[in-house]
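Descriptive analysis of the structure
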Amino acid sequence: EPTVDIWAFGKLMYEVLVGESLFMIFSKRDDSIIASNYILRWNDSHLRKVSKKLASSRVGASGVELISCCLRSAKSARISSMVEILQHPFWRDDKAFILA
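Residues numbered from 1 in each chain as written. Predicted model: local features only at pLDDT ≥ 70, side-chain atom pairs only at ≥ 80, totals over all residues. Heavy atoms only, no water.

1. What to know about the nonpolar core
The criterion, for reference: We call a set of buried residues a nonpolar core when its members are Ala, Val, Leu, Ile, Met, Phe, Trp, Tyr or Cys and they connect through side-chain atoms within 4.5 Å of each other. Three labels apply to residues, based on accessible area from a 1.4 Å probe with only protein chains included: buried if under 20% of the type maximum, exposed if over 50%, partly exposed otherwise in between. Runs of E in the DSSP output that reach at least two residues are strands. Runs of H or I that reach at least four are helices, and both are numbered from the N terminus.
Grouped together as the largest cluster of nonpolar side chains are 27 residues, with contacts concentrated most on L22, W42, V50, L54 and L71. For this core, the elements supplying multiple residues, two or more each, are α1 (2-18), α2 (32-40), α3 (44-56) and α4 (61-70).

As structure tokens, this is what we get:
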């Protein structure tokens, strides 16, 4: 299922840019049981918290948008392929990270 890979890519991007597990937003313990529960119950409320955390971690709007498009709870609403990810404006955005 390609949309699962897209979700996993969004999770990985979040963790690289923020420097912590995606699930640390919701729980101070980072273990596989907690992570599995959040994955199974993932919804738009979780995505809003992720977007806020990205913005507060100095990720620019294009990065927040790309990761949000990967992590949408509805599979049909996610970016559909790695080609689409690579064509996203984030990769060409000189304000992808807020340095000041």
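And the narrative resumes.
2. A few points about the environment of G60
How we decide: Should any heavy atoms of two residues lie within 4.5 Å, those residues are considered in contact.
Relative to the helices and strands, G60 is located in the loop between α3 and α4. Residue classification places G60 among the buried residues on the basis of a relative accessible area of 3%. Linking G60 and M13, residues 47 residues apart in sequence, is a C-alpha distance of 13 Å. Look past the residues within four positions of G60 in its chain and what remains in contact with it is K95, A96, F97 and I98.

3. Observations concerning the packing of α1 against α4
Put simply, the rule is: Comment: axis = line fitted to C-alpha atoms, over the contacting stretch for helices; angle = value between 0 and 180 degrees taken between N-to-C directions. Each residue gets one label: Ala, Val, Leu, Ile, Met, Phe, Trp, Tyr, Cys and Pro are nonpolar, Asp, Glu, Lys and Arg are charged, and the others, such as Gly, are polar.
Where α1 contacts α4, the axes come no closer than 7 Å and their chain directions differ by 145°. Residue-level contacts link I6, W7, F9, G10, M13, Y14 and L17 of α1 to L66, I67 and C70 of α4. Of the residues contributing to the contact of α1 with α4, the split by class is 9 nonpolar, 1 polar and no charged.

4. With respect to unusual backbone geometry
Here R58, not a glycine, exhibits a phi torsion of approximately 70°, which is positive. One can find R58 in the loop between α3 and α4. The class of R58 is partly exposed, set by a relative accessible area of 39%.

5. Quick notes on the pattern of salt bridges
Heads up, the condition is: We define a salt bridge as a side-chain nitrogen of Lys or Arg found within 4 Å of a carboxyl oxygen belonging to Asp or Glu.
In this structure the tally under the stated criterion is 2 salt bridges. Between E15 and K11 there is a salt bridge; the shortest N-O distance is 2.6 Å. Remark: K11 and E15 occur in helix α1; sequence separation between them is 4 residues, near one turn of the helix. Take E15: its relative accessible area is 21%, and that puts it in the partly exposed class. Residue K53 is joined to E20 by a salt bridge in which the shortest nitrogen-to-oxygen separation is 3.8 Å. With a gap of 33 residues between them, K53 in helix α3 and E20 in the loop between α1 and α2 connect regions that are remote in the sequence. The class for K53 is partly exposed, based on a relative accessible area of 27%.

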